[in-house]
Amino acid sequence: MKYFTLDEFACNHCGELPPNGMNPVLLEKLDELRERIGHPIYITSGYRCPIWNADPQVGGVPNSQHVQGTAADCVCYEVTVDELADLAAEIGFDGIGRYYKKGFVHLDCRSWGT
């Protein structure tokens with residue numbers, strides 16, 4: 001990874017990463033997104049352990065890509081939610097959620113490996 005560290009993806013509850021690590025395609029695509037956008041991207045939620053994902057304040061769903069290590073919620077303060085999401089779609093993320101009220105974009109690679 002060029003722009004991120006694994007610590008940024010650690011669970012906010014237990015500080016762990018998924019047993020098999022974060023999906024390498026996710027990490028590669030996030031680096032490409034950061035390179036193309038030209039501004040820092042902050043990971044607000046990477047891996048979520050099952051306990052944290054089930055917490056009501058998180059709002060995670062049972063089959064969350066976060067629990068599998070294939071998702072990250074991202075913020076970039078220099079661009080809009082739509083600009084970040086649109087560029088992510090160009091790069092090839094196949095799970096994109098736009099959260100306008102909270103100002104972040106959910107990105108995942110649910111179709112690519114483990």
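Just above, that's the structure.
Residues numbered from 1 in each chain as written. Predicted model: local features only at pLDDT ≥ 70, side-chain atom pairs only at ≥ 80, totals over all residues. Heavy atoms only, no water.

Caption draft 1: Quick peek at the overall build of the protein chain. Looking only at helices and strands, the protein chain has 4 helices and 4 strands in total. Relative to a compact globule of 114 residues, whose C-alpha radius of gyration would be 13 Å, the protein chain shows 13 Å and is just as compact. Principal-axis analysis of the C-alpha atoms places the extent of the protein chain at approximately 35 × 30 × 25 Å. The burial tally for the protein chain puts 44% of its 114 residues in the buried class. Put simply, 63% of the contacts in the protein chain that link residues at least 6 apart link residues at least 24 apart. For the protein chain, the exposed surface amounts to about 6,200 Å²; the carbon and sulfur share of it is 50%. Of the side-chain charges in the protein chain, 9 are positive and 16 negative, and the distance between the mean point of each set is 4 Å. (Helix = DSSP H or I, 4+ residues; strand = E, 2+ residues; numbered from the N terminus. Rg over C-alpha atoms; globule rule 2.2 N^0.38 Å. Buried < 20%, exposed > 50% of the residue type's maximum accessible area, 1.4 Å probe, protein only. Contact = heavy atoms within 4.5 Å. Areas by Shrake-Rupley, 256 points an atom, 1.4 Å probe, with all protein chains shown as cover. Lys, Arg positive; Asp, Glu negative; His and termini not counted. Charge placed at Lys NZ, Arg CZ, Asp CG, Glu CD.)

Caption draft 2: Highlighting helix α1 (residues 24–37). Relative to the 20 Å expected for 14 residues at 1.5 Å per residue, α1 spans 20 Å between its end C-alpha atoms, a close match to the ideal helical length. Residues L26, L27, K29, L30, D31, L33, R34 and I37 constitute the buried set of α1. Buried residues in α1 make contact with β1 (42–45), β2 (71–75), α4 (81–91) and β4 (104–108). Where α1 begins, the side chain of N23 points an oxygen toward the backbone nitrogen of V25, at a separation of 2.7 Å. The positive-phi residue at the C-terminal boundary of α1 is G38, with phi of around 75 degrees. (Expected span 1.5 Å × (residues − 1). Polar contact = N/O pair within 3.5 Å; in protein donor to acceptor, adjacent residues only side chain to side chain.)

Caption draft 3: Quick look at the side chain of S64. In this structure, S64 sits in the loop between α2 (50–54) and α3 (65–68). With a relative accessible area of 6%, S64 lands in the buried category. In contact with S64, other than residues within four places in its own chain, are R48 and N53.

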